[in-house]
Amino acid sequence: QVQVVESGGGYVQPGGSLTLSCATSGTVFAVYNMGWHRQVPGQQRELVARITASGNPNYYADSVKGRFTISRDNAKNTTYLRMTNLRPEDTAVYYCNAFISNTPRTTYDFWGQGTQVTVSS
């Protein structure tokens, strides 16, 4: 059984910073692309950042470029999202996804339960 668990969300004032973590556990043979998404109630979930298995970020949403940084630690099967200069419009539930081989022959897209980020003065 595979689990994907986000942590690190919270309340921060505009201009502040937060680092989100996403850890995978369970029966994991390999972890491929990992990504961070966010969703505001009533709106579609949007991709914020994505990173390849080798650790290369290959996507940032225009709205977060220069402020957010995605990284990963393959020894821990964990990805991070460092968020700086946060704005009220960054307020959302942030979700992590990971493409994981849970057997030698199968790969699925696993999602975490989300972590709330609130940016407000």
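The structure under discussion appears in the preceding block.
Just so it is clear, the structure is predicted and the values come from calculations on it, not from any experiment.

> Describe the environment of L47, naming the residues involved and giving the relevant values.
For L47, the location among the structural elements is in strand 5 (residues 46-51). Not counting chain neighbours up to four residues away, the residues in contact with L47 comprise W36, H37, Y59 and A61.

> Talk me through the sheet that holds strand 1 (residues 2-7); I want residue IDs and the actual numbers.
One key point about sheets: their strands pair by backbone hydrogen bonds, in either a parallel or an antiparallel sense. Taking strand neighbours across the sheet as the criterion, the 4 strands line up as 1-3-8-7 in an open arrangement whose pairing is antiparallel. The open sheet is flanked by strand 1 and strand 7 (68-73), the only strands paired with a single partner. Neighbouring strand axes in the sheet, compared pairwise and without regard to direction, differ in orientation by 15° on average. Sheet topology note: the strand 7/strand 8 (residues 78-83) ladder contains 6 bridges and is antiparallel. By the bridge assignment, F68 is partnered in strand 8 with M83.

> A description of the side chain of H37 should follow, citing residues and the corresponding values.
Mapped onto the fold, H37 is located in strand 4 (residues 30-39). Here N97 takes part through its side chain, which lies 2.8 Å from a polar atom of the side chain of H37. Residue contacts for H37: discarding those within four places in its chain leaves R45, E46, L47, V48, V93, Y94, Y95, N97 and W111.

> Describe the packing of aromatic side chains, and please don't skip the residues or the numbers.
One pair of aromatic rings is described through two measures. These are the centre distance and the angle between the planes. If you walk through the whole model with that rule in mind, you get 1 aromatic pair. Considering the side-chain rings of Y108 and F110, the 6.3 Å spacing of their centres and the 85° angle between planes classify their relative orientation as edge-to-face. Between R45 and the ring centre of Y95, over which it is positioned, the NZ or CZ distance is 3.7 Å.

> Give me the pairing of strand 10 (residues 106-111): which residues, what numbers.
The pairing of strand 9 (residues 92-103) with strand 10 spans 6 bridges and is classified as antiparallel. Paired with N97 across the strands is W111, a residue of strand 10. What sits between the antiparallel neighbours strand 9 and strand 10 is a turn of 2 residues.

> Residues and numbers for the pattern of salt bridges, please.
Following the criterion strictly, the structure yields 4 salt bridges and no others. In this structure, R38 engages D90 in a salt bridge whose closest nitrogen and oxygen atoms are separated by 2.9 Å. Residue R38 is located in strand 4, and its partner D90 is located in the loop between strand 8 and strand 9; the two are separated by 52 residues in the primary sequence. Like R38, the residue D90 is buried in the burial classification. Residue D90 pairs with R67 through a salt bridge whose shortest N-O separation is 2.8 Å. Of this pair, D90 sits in the loop between strand 8 and strand 9 while R67 is found in the loop between strand 6 (57-60) and strand 7, placing the two residues 23 residues apart along the sequence. Salt bridges linked by common partners bring R38, E46, R67 and D90 together as one network.

> Got a sec to walk through the side chain of T115? Specific residues and values, please.
For T115, the location among the structural elements is in strand 11 (residues 115-119). Within the structure, T115 has its side chain in polar contact with the backbone nitrogen of G9 (distance 3.2 Å). In contact with T115, not counting residues within four places along its chain, are E6, S7, G8, G9, L20, A92, V93 and Y94.

Cut-offs applied
Residues numbered from 1 in each chain as written. Predicted model: local features only at pLDDT ≥ 70, side-chain atom pairs only at ≥ 80, totals over all residues. Heavy atoms only, no water. Helix = DSSP H or I, 4+ residues; strand = E, 2+ residues; numbered from the N terminus. Contact = heavy atoms within 4.5 Å. Pairing = 2+ DSSP bridges. Axes fitted to C-alpha atoms, helices over the stretch in contact; angles between N-to-C directions. Polar contact = N/O pair within 3.5 Å; in protein donor to acceptor, adjacent residues only side chain to side chain. Phe/Tyr/Trp six-rings, centres within 6.5 Å; stacked < 30°, edge-to-face > 60°. Lys NZ or Arg CZ within 6 Å of the ring centre and 35° of its normal. Salt bridge = Lys/Arg side-chain N within 4 Å of Asp/Glu carboxyl O. Buried < 20%, exposed > 50% of the residue type's maximum accessible area, 1.4 Å probe, protein only.

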